[in-house]
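Listed here are the chains, written in short residue letters.
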Amino acid sequence: MSYTEEVYERVVAQNPGEPEFHQAVKEVLDSLKVVIDRNEEKYRSLSILERLVEPERIISFRVPWVDDNGKVQINKGYRVQFNSAIGPYKGGLRFHPTVNQSILKFLGFEQVFKNSLTGLPIGGGKGGSNFDPKGKSDREVMAFCQSFMTELSKYIGADTDVPAGDIGVGGREIGYLFGQYKRVRDLYEGVLTGKGLTYGGSLIRTEATGYGVVYILNELMQSRNDSLEGKTVVVTGSGNVAIYAVQKATQLGAKVVAMCDSNGYIYDPNGIQLDVVKDIKEVKRGRIKEYADRVEGAVYTEGVGIWNIKCDVYLPCATQNELDVDGVKVLAANGCKYIVEGANMPTTREATDYAMANGIFFLPGKAANAGGVATSALEMSQNSQRLSWTSEEVDAKLHQIMKDIYAKIDDAAKRYDLKDNFVAGANIAGFEKVVDAMIAQGIV
Ligand code: NDP
């Protein structure tokens, strides 16, 4: 059995009931096999893979809070501090009823490689809670955030661990979390990113993940003498990543015809009117269904199946494992040429393999959605300098970072004779930097 297979079996045995974590580890280890094989003895003697798949620390805690009816509610809170070889832990907080240790470990593990790819000094972490902000009043969300941060504040700091937003954690939640951190630690520091502009936030952070997805897609297309001009695009989700991916793709000449939420999807053959989506999602916190009531010619379909809409480019920006092999088969049959993951691991392993084997260019989330965390790191730099850069400055830096990521993953794939396998390229390029730093720092 190869070293990578041995380590994968050990992960499954030692982390029972964590299928998402196993899935993420398997994908990475499979693509690292070519790298490990060239230096197996050295990596084995240092137990480098065993160290890489074991989080440095997992904090889990009770979050008590009082709802609007005066009843005490209890949620679970977590922070997975996965790897700090190249910088302080960095990664989002997710508030969603499906959150558990497996999901946060998969996200934390992915984050290690993603952060490495950005070229910035940030380690990998992830956290969150099974709290569901949907349908809660502002006061309930604040009560939850304050209780969550009262405990989390003991383990994070501007030079230790800097969380950000993710599913269910947007500007409102970051504001409440920051306020409570400041109150209990008496420190006004860049302990969170995604902050509001009046208290240390960075311009373009809100847009960064979605913009970054389209910037890296554009790099890939240009390298094939192709462009977004006139292309038909489907974007899944209608949250932070999805909205700004739609915005940038539209600016670059594409027509986005469909978006969704967890209830169903809308199809607008005339091109999605983003101001309507923003009003529904960012202002009214409503359902995507309302779009079809407001825009003539748009159709709403309840349930899954957005991949049935014919497109040239498919950007999954909702959640993990949203696109399976049946969906990808339909996309391929309908002539889709590019899949770029805005979400983390939205495509199942089987679906990814099918896409790559059937002429679809595939960019994995750990490269394609890294613009969010990269801009978070830019927010950290501005906080440390006590300065704010203009949106043009931040956007230019983001754009350059996405170009560099594309170049790195393309180069790593080519070095190992895996041309156009950007999944392997991203895992290999991310791994190389982290492992160099881990080896240099000794057995810690
Ligand atoms: P949001 O909470 O802002 O939006 C998530 C969107 O996905 C919502 O429209 C939600 O619908 C939809 N969704 C959730 N589950 C499903 C489902 N099962 N089927 C269809 N739609 C679904 O989150 P973000 O946009 O921030 O994050 C989206 C993805 O991008 C996640 O995987 C996240 O980890 C990743 N990501 C986010 C970054 C960021 O900067 N925000 C950075 C890098 C990655 P509903 O409202 O019905 O739940």
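As a reminder, the structure under discussion sits directly above these lines.
Definitions and cut-offs
- Residues numbered from 1 in each chain as written.
- Predicted model: local features only at pLDDT ≥ 70, side-chain atom pairs only at ≥ 80, totals over all residues.
- Heavy atoms only, no water.
- Near = heavy atom within 4 Å.
- Polar contact = N/O pair within 3.5 Å; in protein donor to acceptor, adjacent residues only side chain to side chain.
- Areas by Shrake-Rupley, 256 points an atom, 1.4 Å probe, with all protein chains shown as cover.
- Helix = DSSP H or I, 4+ residues; strand = E, 2+ residues; numbered from the N terminus.
- Nonpolar A, V, L, I, M, F, W, Y, C, P; charged D, E, K, R; others polar.
- Contact = heavy atoms within 4.5 Å.
- Pairing = 2+ DSSP bridges.
- Buried < 20%, exposed > 50% of the residue type's maximum accessible area, 1.4 Å probe, protein only.
- Arc of directions from axis to C-beta.
- Core = buried A, V, L, I, M, F, W, Y, C linked by side-chain atoms within 4.5 Å.
- Axes fitted to C-alpha atoms, helices over the stretch in contact; angles between N-to-C directions.
- Phe/Tyr/Trp six-rings, centres within 6.5 Å; stacked < 30°, edge-to-face > 60°.
- Parallel < 35°, antiparallel > 145°, perpendicular 65-115°, else oblique.
- Left-handed = near helix turned anticlockwise from the far one by under 90°.

Participant: Any details on the site of the ligand? Residues and values, ideally.
Facilitator: Residues in contact with the ligand amount to 22 residues; listed here are only the nearest, Asp-166, Thr-209, Ser-262, Arg-287 and Asn-344. Note that an oxygen atom of the ligand is positioned 3.1 Å from one of the side-chain N or O atoms of Arg-205. Protein chains bury 83% of the 890 Å² of accessible surface belonging to the ligand in isolation. Within the residue set of the shell around the ligand, elements represented by two or more residues are α8 (205-223) and α9 (240-251). A class-by-class count of the residues in the shell around the ligand yields five nonpolar, 11 polar and six charged.

Participant: Can you tell me about the environment of Leu-29, naming the residues and giving the values?
Facilitator: Its location among the elements puts Leu-29 in helix α2 (residues 19-38). Expressed as a C-alpha distance, the spacing of Leu-29 and Thr-4, which sit 25 residues apart in the sequence, is 5.7 Å. Not counting the four nearest positions on each side in its chain, Leu-29 is found in contact with Thr-4, Val-7, Tyr-8 and Leu-49.

Participant: Before we move on, can you summarise the pairing of strand β8 (residues 264-267) with the specific residues and values?
Facilitator: Direction of pairing for strand β7 (residues 255-260) relative to β8: antiparallel, over a ladder of three bridges. Across the sheet, the residue bridging to Ala-258 is Tyr-267, located in β8. A loop of three residues connects β7 with β8, the two strands running antiparallel in sequence. Two elements, β8 and strand β9 (residues 299-302), share four bridges in a ladder whose sense is antiparallel.

Participant: Tell me about helix α13 (residues 349-357), and name the residues and values.
Facilitator: Looking at α13, one finds that the buried residues are Ala-351, Thr-352 and Ala-355. One side of α13 holds all its buried residues, which, seen down the axis, span an arc of 100°. Opposite the buried face of α13, at more than 90 degrees from it, the exposed residues are Glu-350 and Ala-357. In this fold, the buried residues of α13 make contact with α12 (325-333), β11 (338-340), β12 (361-363) and α17 (422-440). Just downstream of α13, Gly-359 is the residue with a positive phi angle, here 75°.

Participant: Can you tell me about the nonpolar core, naming the residues and giving the values?
Facilitator: Grouped together as the largest cluster of nonpolar side chains are 103 residues, with contacts concentrated most on Leu-49, Phe-109, Ile-216, Tyr-291, Leu-315, Ile-405 and Phe-431. Discounting chain neighbours no more than four positions away, the residues touching Phe-109 are Phe-21, Ala-24, Val-25, Val-28, Leu-52, Val-53 and Phe-82. Leu-93, Val-141, Ile-174 and Phe-178 belong to the second-largest nonpolar core, a separate cluster that totals 23 residues.

Participant: An account of the sheet that holds strand β2 (residues 72-83) is requested, with residue identities and associated values reported.
Facilitator: Adjacent strands of a sheet pair through backbone hydrogen bonds, lying either parallel or antiparallel. Spatially, five strands are ordered β1-β2-β4-β3-β5 in an open sheet, and the strand pairing comes out mixed. At either margin of the open sheet sits one strand with a lone partner, and together these are β1 (57-66) and β5 (161-164). Neighbour to neighbour, the strand axes of the sheet diverge by 20° on average, direction disregarded. Sheet contacts for helix α5 (residues 101-117): β1, β2, β3 (89-95) and β4 (123-129); angle to β4, the most-contacted strand, approximately 155°.

Participant: Any chance you could break down the packing of aromatic side chains for me, citing the residues and the numbers?
Facilitator: Each aromatic ring pair is summarised here by two numbers: the centre-to-centre distance and the angle between the ring planes. Inspection of every chain in the model, using the stated rule, returns 19 aromatic pairs. Measuring from centroid to centroid gives 6.1 Å for Phe-95 and Phe-131, while their planes differ by 85°, and the two rings are edge-to-face. Here Phe-95 is found in strand β3, whereas its partner Phe-131 is found in the loop between β4 and α6 (138-152), with 36 residues between them in sequence. Phe-95 gets classed as buried once you look at its relative accessible area, which sits at 1%. Between Phe-95 and Phe-144 the ring centres are 5.1 Å apart and the planes differ by 85°, which places this aromatic pair in the edge-to-face class.

Participant: Go over the packing of α9 against helix α10 (residues 274-283) with me, naming the residues and quoting the values.
Facilitator: Two elements in contact, α9 and α10, have axes whose closest approach is 11 Å; the angle formed by their N-to-C orientations is 165°. As far as their axial angle goes, α10 and α9 are roughly antiparallel. Crossing hand, α9 versus α10: left-handed. Packed against α9, whose contacting residues are Ile-243, Tyr-244, Val-246 and Gln-247, the element α10 presents Leu-274, Val-277, Lys-278, Lys-281 and Glu-282 at the interface. Per-class residue counts for the contact of α9 with α10 are five nonpolar, one polar and three charged.

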